[in-house]
Amino acid sequence: MKNDVWPMVHAERAALIDDLSHLDADQWEEPSLCDGWTVHDVVAHLVDTARTTRFGFVVRLARARFDFDRQNTRGVERERGASPQETLERLRQVATLRATPPAPLDSRLVEEVVHGEDIRRPLGIVHAYPRQAVVRGLRLQARTPASFGGAKELTTRFRLTATDADLSIGDGPEVSGTALSLLLAISGRNVALNDLSGPGVPTLATSA
């Protein structure tokens, strides 16, 4: 069911815009869960990815000498406005776009959920994500190689069990928790490790 992805993505963008509209200047400069990026930087990244087409992604990646980190950094520099209000307005302008890089469409759910938490968690903002969006994002991350931003190699070493969904992935020592916490943990957000339990957690903590 791919036709339902964009309504979920657009709803999450709208929810994030609403949360961002209540932030003060200091909160925009808070460190996010993305190493080296502030909340403002992550919002700029979301603007960039919302604009990114399949062709544009390939062209920009080639210009970045096929360095994903360099490409992302340039995207942030390109889309970060002179003020938080300018960047927020840019996010509003792209909120209903359906552009996507050459990746599975469910990657748009991963983008909105994980980066949504990159912004919200440091600010103490709690948001209820659609369970379907989180579960589909988790499944995608678990089967996507690390070279493409996923965690396939990592998740083959554990059995991930969601406590709030009918979902179990992989074999090995169990790691259990909400689908959201599992998604964040395998996406390199160590803050979510405190929400997990099971014999596989210590190993995951040293591997993520």
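What this report covers is the structure whose coordinates are included nearby. Per-chain numbering applies: the sequence of each chain, read as written, is numbered from 1 onward. Local features are withheld for residues below a pLDDT of 70 in this predicted model, meaning they are given only at 70 or higher, and side-chain atom pairs are given and counted only at 80 or more; totals for whole chains, interfaces and linings count all residues. To get the side-chain values, all heavy atoms of the structure are used, and hydrogens and water are removed first.

What follows covers the nonpolar core. Residues belong to one nonpolar core when they are buried, are Ala, Val, Leu, Ile, Met, Phe, Trp, Tyr or Cys, and are joined through side-chain atoms within 4.5 Å. When accessible area is computed with a 1.4 Å probe and restricted to protein chains, residues below 20% of their type maximum are described as buried, those above 50% as exposed, and intermediate ones as partly exposed. Among the nonpolar cores identified, the biggest contains 30 residues, and Leu 138, Leu 160, Val 175, Leu 196 and Leu 204 are the most heavily contacted of them. No other element matches helix 10 (residues 179–186), which puts 7 residues into this core. With sequence-adjacent residues up to four places away left out, Leu 138 is seen in contact with Leu 160, Leu 167, Ile 169, Ala 179, Leu 182, Leu 183 and Ile 186. Counting residues in each nonpolar core, the second largest holds 21 residues, with Leu 16, Ile 17, Leu 91 and Ile 119 among its members. Helix and strand labels come from DSSP, where a helix needs a run of H or I of at least four residues and a strand needs a run of E of at least two; each type is numbered from the N terminus. Residues count as neighbours in contact if any of their non-hydrogen atoms are within 4.5 Å of one another.

An α-helix turns once per 3.6 residues; consequently, residues spaced three or four apart project the same way. Within the span of helix 4 (residues 54–63), buried status applies to Gly 56, Phe 57 and Leu 61. One face of helix 4 carries all of its buried residues, which in axial projection span an arc of 130°. Turned more than 90 degrees off the buried face of helix 4, the exposed positions are Phe 55 and Arg 63. Of the surrounding secondary structure, the elements contacted by the buried residues of helix 4 are helix 5 (68–79). Our arc is simply the arc of the directions from the helix axis toward the C-beta atoms.

With that settled, consider the pattern of salt bridges. By definition, a salt bridge exists where a carboxyl oxygen of Asp or Glu is found within 4 Å of a side-chain nitrogen of Lys or Arg. Applying the stated rule across the entire model yields 15 salt bridges. A salt bridge links Arg 121 to Glu 117; the shortest N-O distance between them is 2.8 Å. In this pair, Arg 121 and Glu 117 both sit in helix 7 (residues 107–123), 4 residues apart, roughly one turn of the helix. With relative accessibility at 4%, the residue Glu 117 sits in the buried group. The partner of Asp 118 in a salt bridge is Arg 189, and the shortest N-O contact between them spans 2.7 Å. With a gap of 71 residues between them, Asp 118 in helix 7 and Arg 189 in the loop between helix 10 and helix 11 (201–207) connect regions that are remote in the sequence. Taking relative accessible area as the criterion, Asp 118 reaches 0% and is therefore assigned buried.

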